[in-house]
Amino acid sequence: AAENGIDAWLRYAPIPEANSFKDFVPSTIVVLNDSQISPVYTAGQELQQGINSILGQRCQVAYEGSDDSSIIVGTVEAYASTGGSIDGLQELIADGYYISTSAGGVLILGENERGALYGAFAFLETLATGNLSAGSYASNPDAPVRWVNQWDNMRDGGTHGSVERGYGGKSIFFWDGQYARLLASIGINGIVINNVNANETTINDTNIEGVARVADAFRPYGIQIGLSLYFSSPANLSHLDTFDPLNEEVIAWWNNKTTQIYSHIPDFAGYLVKANSEGQPGPLTYNRTLAEGANLFARALQPHGGTVMFRAFVYDSKTLNQTTNWKADRANAAVEFFDGLDGKFEDNVVIQIKYGPIDFQVREPVSPLFTHLENTATSIELQITQEYLGQQAHLVYLPPMWRELLDFDLRVDSQPTPLTSILNGSRFGTKRAGGYAGVVNVGTNTTWLGSHLAMSNLYAFGKTAWYGASAPSPSEIIDTWTRLTFSHDPTVISTINALSLASWPTYENYTGNLGLQTLTDILLGHYGPNPASQDGNPWGQWTRADGNSIGMDRTVSNGTGFAGQYPTEVAEMYERIETTPDELMLWFHHVGYTQKLHSGKTVLQHIYDAHYEGAAMAQTFPVQWEGLKGLVDEERYEHVLYRLRYQAGHSLVWRDSICNFYFNKSGIADELGRVGNY
Ligand code: GCU
């Protein structure tokens with residue numbers, strides 16, 4: 001049963017419809033590439049294995065010929081060169097694929113080799129979910145950047161490396177796993193394999209050789225490897241006493257280092273850079289701009305075709321003083337630091353921006369920086385590892401949150417501007433499109449993330465990045481995932497659907513409401529409740545709660561001015577209490593505890609009610625799951641039940657600590673008599 005975890009959604013369990021599908025699935029697979037490092041070759045292996053497992057049908061694999069009564073998989077180009085007809089084929093872009101299924105045979109063609117592999121996985125998915133039917137269709141990715149980030153602390157070395165904010169065990173890069181296969185099956189084409197908090201040893205000679213071996217393991221799956229860099233590496237690894245990005249010797253050092261990396265990894269994807277953030281060195285150390293810093297790497301990568309993902313998570317905690325400055329605001333930092341830099345980045349720079357202006361909270365508005373970079377490619381950084389969201393010990397299905405962010409209309413120049421249209425380059429006609437980065441942080445736990453149910457977030461991330469605005473709904477995604485991962489049984493599907501869709505609102509209810517952010521312990525691990533830890537420190541995740549009032553005044557008229565970083569229509573909406581949605585009220589406004597919300601409740605009563613509702617809902621989670629006894633295998637049944645019971649208990653701890661904290665601050669009791677001195 002451990003394999004149930006490792007295979008995740010690629011279990012290829014036998015399906016009830018197997019017999020009726022056999023007509024559609026010939027028993028010869030013709031693979032138009034016999035090189036074992038080609039994703040096309042991998043596609044052939046995967047088809048053979050999947051069909052055998054799902055239908056109980058053994059297929060033989062051939063590497064030449066194009067017998068129409070077989071399953072043919074390859075690139076469009078290879079197929080055409082065998083004399084295959086590509087008339088009427090819908091237009092494909094890089095990584096796209098075309099599938100045609102008929103009683104006579106199956107054709108799976110990719111625009112490139114990776115696309116052929118994606119096509120094979122898509123075919124197997126329709127088979128495994130019982131949805132195979134005759135017909136043809138093409139699928140193209142919405143955005144070129146579909147990367148994951150793995151915050152692996154390579155520097156720990158040995159057999160048990162650690163992973164920053166990883167809740168699924170130790171480093172997988174010292175372990176023979178199948179991570180590349182999982183990622184390729186959801187359309188991921190790049191992985192940055194080390195922690196954004198890198199150090200210089202990442203790119204020393206020994207590590208580069210090790211990274212090359214990791215690249216070898218990912219290559220047959222069409223996944224390119226990237227590395228996070230430490231900005232001051234030249235000063236740490238060489239005789240140089242500077243890392244100034246404009247210094248000739250520093251430039252030469254990075255050029256050489258990059259050439260060295262490409263000599264080991266010819267298809268190296270590029271660099272991810274965290275600079276001038278949380279005490280890290282960067283271009284600002286030398287009074288150079290962030291663009292000058294990013295371009296240093298961009299130019300080193302250009303001759304090799306690589307990309308720089310330059311992170312927008314730039315802020316200086318030392319300058320943030322809550323008590324002396326009402327206008328101080330960490331949320332302002334990114335737009336301020338990038339001010340005036342749009343258009344100054346080399347074409348192979350993508351600015352990687354966390355979804356919200358602070359840090360992966362349960363509720364944040366979309367980062368306004370996306371609207372300030374009309375001439376620069378951007379990608380959104382989402383977190384699959386649930387750092388502030390319960391660390392996989394709590395069930396939080398994230399796609400409903402992602403959808404709200406991605407579909408949010410930023411109204412640039414008063415024109416429709418959903419965030420997806422910025423990421424895929426369509427809105428600004430950006431020279432290059434960006435896309436999606438997901439921080440995953442899997443580990444050696446056989447469930448990858450430490451929890452079977454948490455893996456739906458990784459699966460959904462891939463689908464979200466591939467389809468952009470036209471992705472299946474969060475409800476459809478979870479149903480497909482459940483069919484692949486657990487069962488086709490309607491009770492299993494509806495139960496996991498109900499649990500998953502309830503989970504984000506539930507978690508928000510018993511943690512932090514109204515845009516207050518997740519009220520975790522800011523200093524200790526970002527896990528349990530500690531609302532007091534938010535304020536009075538330079539980390540800037542403040543709530544400014546006092547005896548009478550609460551919330552961050554981010555208005556232009558009286559506050560930090562953050563609301564003014566949005567395009568006019570959105571800025572006006574957030575500027576006024578009357579037009580700010582309740583769920584972000586305390587993100588944008590500092591108000592009395594008795595301030596009325598649009599819902600008619602007071603702020604404090606909302607906080608009390610939400611905590612009781614959220615915790616009450618969490619109590620139902622294990623009970624709902626118990627309805628699946630006997631319908632899912634015992635091991636996964638028990639594993640999930642254990643976690644849901646724990647979550648139910650922990651939600652009570654959350655409820656009581658948050659409610660008591662605000663009662664003690666405000667002295668205002670709960671109208672329903674649950675919180676107060678009775
Ligand atoms: C968060 C997280 C850190 C991480 C940082 C980043 O603050 O807690 O572990 O390094 O984000 O994204 O750079």
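The next subject is the site of the ligand. Around the ligand, the structure places 13 residues, and the nearest of them are Glu164, Lys274, Arg311, Lys354 and Glu387. For the ligand, an oxygen atom lies 2.8 Å from a polar atom in the side chain of asparagine 197. At a separation of 2.7 Å, an oxygen atom of the ligand approaches a polar side-chain atom of aspartate 359. Split by residue class, the shell around the ligand holds three nonpolar, two polar and eight charged.

So, about the sheet that holds strand β11 (residues 307–311). Spatially, β7-β8-β9-β10-β11-β12-β13-β14 is the arrangement adopted by the eight strands of the closed barrel, whose pairing is parallel. Averaged over all pairs of adjacent strands, the angle between their axes in this sheet comes to 25 degrees, without regard to strand direction. The strands that helix α10 (residues 290–301) touches are β9 (224–229), β10 (270–273), β11 and β12 (349–354); relative to β11, the one it contacts most, it runs at about 160 degrees. Sitting on the sheet, helix α14 (residues 455–467) is in contact with β7 (145–149), β13 (377–383) and β14 (435–439), with an inclination near 170 degrees to β14.

Here helix α9 (residues 248–264) is 17 residues long and its end C-alpha atoms lie 25 Å apart, about the 24 Å a rise of 1.5 Å per residue gives. Listing the buried residues of α9 in full gives Val250, Trp253, Trp254, Lys257, Thr258, Ile261 and Tyr262. Axial view of α9: buried residues confined to an arc of 165 degrees, hence all on one face. Away from its buried face, by an angle of more than 90 degrees, α9 presents the exposed residues Glu248, Asn256 and Ser263. Contacts made by the buried residues of α9 are with α7 (205–218), β9, α8 (233–237), β10 and α10. Sitting at the head of α9, asparagine 247 places a side-chain oxygen 2.7 Å from the backbone nitrogen of glutamate 249.

Attention now moves to the side chain of threonine 371. As for its placement among the helices and strands, threonine 371 is situated in the loop between β12 and β13. A residue is classified by how much of its surface remains accessible, and threonine 371, at 10% relative accessible area, is buried. Polar contacts involving the side chain of threonine 371 include one to the main-chain carbonyl oxygen of proline 368, which spans 2.7 Å. Among residues more than four places away in sequence, those in contact with threonine 371 are Leu410, Val412, Gln565 and Pro567.

Let us look at the environment of glycine 96. Assignment of secondary structure puts glycine 96 in the loop between α4 (76–81) and β4 (97–102). For glycine 96, a relative accessible area of 0% corresponds to the buried category. Sequence-wise, glycine 96 and tryptophan 466 are 370 residues apart; in three dimensions their C-alpha atoms are separated by 9.8 Å.

Let us now look at the environment of tyrosine 355. By secondary structure assignment, the location of tyrosine 355 is in the loop between β12 and β13. As for tyrosine 355 and leucine 586, which are separated by 231 residues in sequence, their C-alpha atoms are 18 Å apart. Filtering out sequence-adjacent residues up to four positions away, tyrosine 355 remains in contact with Phe360, Gln361, Glu364, Pro365, Val366, Ser367, Phe370, Ile380, Glu381, Leu382, Met401 and Leu405. A distance of 2.7 Å separates a polar side-chain atom of tyrosine 355 from the backbone oxygen of glutamine 361.

Turning to the sheet that holds strand β6 (residues 135–139), a few remarks are in order. Read from one edge of the open sheet, six strands run β2-β1-β3-β5-β4-β6, paired in mixed fashion. The sheet is open, and its two edges are formed by β2 (60–62) and β6, each paired on a single side. When the angles between neighbouring strand axes are averaged without regard to direction, this sheet yields 10 degrees. Judged from the six bridges that link them, β4 and strand β5 (residues 105–110) form a sheet pairing that is antiparallel.

Glancing now at the pattern of salt bridges. If the charged atoms of two oppositely charged side chains come close together, the side chains can form a pair. The full count for this structure, using the stated rule, is 30 salt bridges. Residue arginine 219 is joined to aspartate 267 by a salt bridge in which the shortest nitrogen-to-oxygen separation is 2.8 Å. In this pair, arginine 219 is assigned in the loop between α7 and β9 and aspartate 267 in the loop between α9 and β10, connecting sequence segments 48 residues apart. Note that aspartate 656 and arginine 655 form a salt bridge whose closest N and O atoms lie 2.8 Å from each other. Since its relative accessible area comes to 31%, aspartate 656 is described here as partly exposed. Residue classification places arginine 655 among the buried residues on the basis of a relative accessible area of 17%.

The next subject is the pairing of strand β3 (residues 71–75). Burial within β3 is extensive, with five of its five residues counted as buried. With three bridges connecting them, strand β1 (residues 28–31) and β3 associate as parallel partners. Paired with isoleucine 29 across the strands is isoleucine 71, a residue of β3. Relative to β5, β3 runs parallel, the two being bridged by five bridges. Considered in β5, the bridge of isoleucine 72 is made with leucine 107.

What the domain assignment lists for the protein chain is domain 1 (2–139), domain 2 (145–470) and domain 3 (486–552 + 590–678). Averaged C-alpha coordinates put domain 2 and domain 3 at centres separated by 29 Å. With 36 residues of domain 2 at the interface, the matching set in domain 3 holds 40 residues. Between domain 2 and domain 3, the buried area comes to about 3500 Å², and carbon and sulfur atoms account for 59% of it. Ranking the residues of domain 2 by area buried against domain 3 places Gln322, Tyr388 and His394 at the top, with a combined share of 21%. Where domain 2 meets domain 3, there are one salt bridge. A salt bridge links arginine 363 to glutamate 508, with the nearest nitrogen and oxygen atoms 2.8 Å apart. Along the contact surface separating domain 2 from domain 3 lie 23 residue pairs in polar contact (both at pLDDT 80 or more).

On to the packing of helix α19 (residues 603–626) against helix α20 (residues 634–666). At a closest axis distance of 9 Å, the pairing of α19 and α20 adopts a crossing angle of 165 degrees. Here α19 lies roughly antiparallel to α20, going by the angle between them. Considering the relative orientation of α19 and α20, their crossing is left-handed. Taken together, the residues that form the contact of α19 with α20 break down as 20 nonpolar, five polar and five charged.

Remark: helix α15 (residues 474–485) packs on helix α16 (residues 490–510), axes separated minimally by 9 Å, with the N-to-C direction vectors making an angle of 135 degrees. The orientation of α15 with respect to α16, classified from their angle, is oblique. Here α15 and α16 pass one another in a crossing that is right-handed. Touching Pro474, Ser475, Ile478, Asp479, Trp481, Thr482 and Arg483 of α15 are Val492, Ile493, Ile496, Asn497, Ser500 and Leu501, all from α16. Looking at side-chain class alone, the contact of α15 with α16 contains seven nonpolar, four polar and two charged residues.

The rules we used
- Residues numbered from 1 in each chain as written.
- Predicted model: local features only at pLDDT ≥ 70, side-chain atom pairs only at ≥ 80, totals over all residues.
- Heavy atoms only, no water.
- Near = heavy atom within 4 Å.
- Polar contact = N/O pair within 3.5 Å; in protein donor to acceptor, adjacent residues only side chain to side chain.
- Nonpolar A, V, L, I, M, F, W, Y, C, P; charged D, E, K, R; others polar.
- Pairing = 2+ DSSP bridges.
- Helix = DSSP H or I, 4+ residues; strand = E, 2+ residues; numbered from the N terminus.
- Axes fitted to C-alpha atoms, helices over the stretch in contact; angles between N-to-C directions.
- Contact = heavy atoms within 4.5 Å.
- Expected span 1.5 Å × (residues − 1).
- Buried < 20%, exposed > 50% of the residue type's maximum accessible area, 1.4 Å probe, protein only.
- Arc of directions from axis to C-beta.
- Salt bridge = Lys/Arg side-chain N within 4 Å of Asp/Glu carboxyl O.
- Domains from an automatic or database assignment.
- Buried area = accessible area lost by both parts, 1.4 Å probe.
- Parallel < 35°, antiparallel > 145°, perpendicular 65-115°, else oblique.
- Left-handed = near helix turned anticlockwise from the far one by under 90°.

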